[in-house]
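Next come the chains, spelled out residue by residue.
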Amino acid sequence: FSSMTLAQNVAVPLREHTALSAGLIRDIVALKIALVGLPPDSAAKFPRELSGGMRRRAALARAIVMDPELLFLDEPTAGLDPMIAAGFDDLVLDLKRMLGLTVVMVTHDLDSLWRIADRVALLGDGRLLGMGTMEQLAASDDPALRDYFRGPRGRAAQLNHGERELPRD
């Protein structure tokens, strides 16, 4: 919400869905802001005062403020430069481990898939084209999967993450 500070934005779910005291909400919000790697002084800033990467982290803080078991992310690295996107991937992996989260992520970012995903479902033409680990999908002989995972961007992403290169088609 553009008229609210970062802390107020993160607090919305707690204010709407719990009967916690203002002091406890303030403490939880500060913890979640710290967990996503934002500095404490960012809590008083408005969304327009935050960079794109900081806004993504702020949204993540709000998403985890209620301690969910399941986290949905929709194109979380879209529009971010590669270094910021890699940092966001690291953050998601850290939160996944620390908080025991199951993460469901919609993305076209092959680097993020190689770094984060345990299992992938590739959708196209209104249907499920394939499902499995990145290694399984990248090794598939299915033409749709082959084009997606073994094209130039797919091979580059795979090599960036230490996977053996698959044959070119």
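Structure first, text after, so check above.
Quick notes on the rules
- Residues numbered from 1 in each chain as written.
- Predicted model: local features only at pLDDT ≥ 70, side-chain atom pairs only at ≥ 80, totals over all residues.
- Heavy atoms only, no water.
- Helix = DSSP H or I, 4+ residues; strand = E, 2+ residues; numbered from the N terminus.
- Buried < 20%, exposed > 50% of the residue type's maximum accessible area, 1.4 Å probe, protein only.
- 1 Å grid on protein atoms, 1.4 Å probe; cavity = no way out; pocket = protein on both sides within 12 Å on 5 of 7 lines; lining within 4 Å.
- Points joined across faces, edges and corners; volume = space filled by probe spheres on them.
- Nonpolar A, V, L, I, M, F, W, Y, C, P; charged D, E, K, R; others polar.
- Pairing = 2+ DSSP bridges.
- Expected span 1.5 Å × (residues − 1).
- Arc of directions from axis to C-beta.
- Contact = heavy atoms within 4.5 Å.

**Q** How would you explain the side chain of Ser140 if you had to name every residue and give the values?
**A** Tracing the sequence through the fold places Ser140 in the loop between helix H6 (134–138) and helix H7 (143–150). Relative accessible area serves as the criterion here: at 16%, Ser140 is assigned to the buried category.

**Q** If you had to explain the environment of Leu91 to someone new, which residues and values would you point to?
**A** With respect to the secondary-structure elements, Leu91 resides in helix H4 (residues 82–99). The sequence separation of Leu91 and Arg57 amounts to 34 residues, and the corresponding C-alpha distance is 8.8 Å.

**Q** Lay out the layout of surface pockets in plain terms, naming residues and giving numbers.
**A** Unoccupied space between atoms shows up once a probe the size of one water molecule is rolled over them. In this structure, the largest pocket occupies an estimated 630 Å³ of space. Around the largest pocket sit 21 residues that line it, and Met105, Leu113, Arg119, Val120 and Ala121 are the ones nearest its centre. When contributions to the lining of the largest pocket are tallied by element, the ones reaching two or more residues are strand E2 (102–106), helix H5 (110–116) and strand E3 (120–124). Here the residues of the lining of the largest pocket are counted per class, giving 14 nonpolar, 3 polar and 4 charged.

**Q** Which residues make up the pairing of strand E4 (residues 127–132), and what values go with them?
**A** Taken together, the 5 bridges between E3 and E4 define a ladder with antiparallel strand orientation. Bridging from a neighbouring strand, Gly124 pairs with Arg127 of E4. Hairpin connection, E3 to E4: the antiparallel pair is bridged by 2 residues, and Asp125 has positive phi, about 55 degrees.

**Q** With reference to specific residues and values, describe helix H3 (residues 52–64).
**A** The end-to-end C-alpha distance of H3 is 19 Å, a good match for the 18 Å that 13 residues give at a rise of 1.5 Å each. For H3, the complete set of buried residues consists of Gly53, Ala58, Leu60, Ala61 and Ile64. Projection of H3 onto a plane perpendicular to its axis shows the buried side chains occupying an angular sector of 160 degrees, all on one side. In this fold, the buried residues of H3 make contact with helix H1 (6–17), helix H2 (22–35), strand E1 (70–74) and H4.

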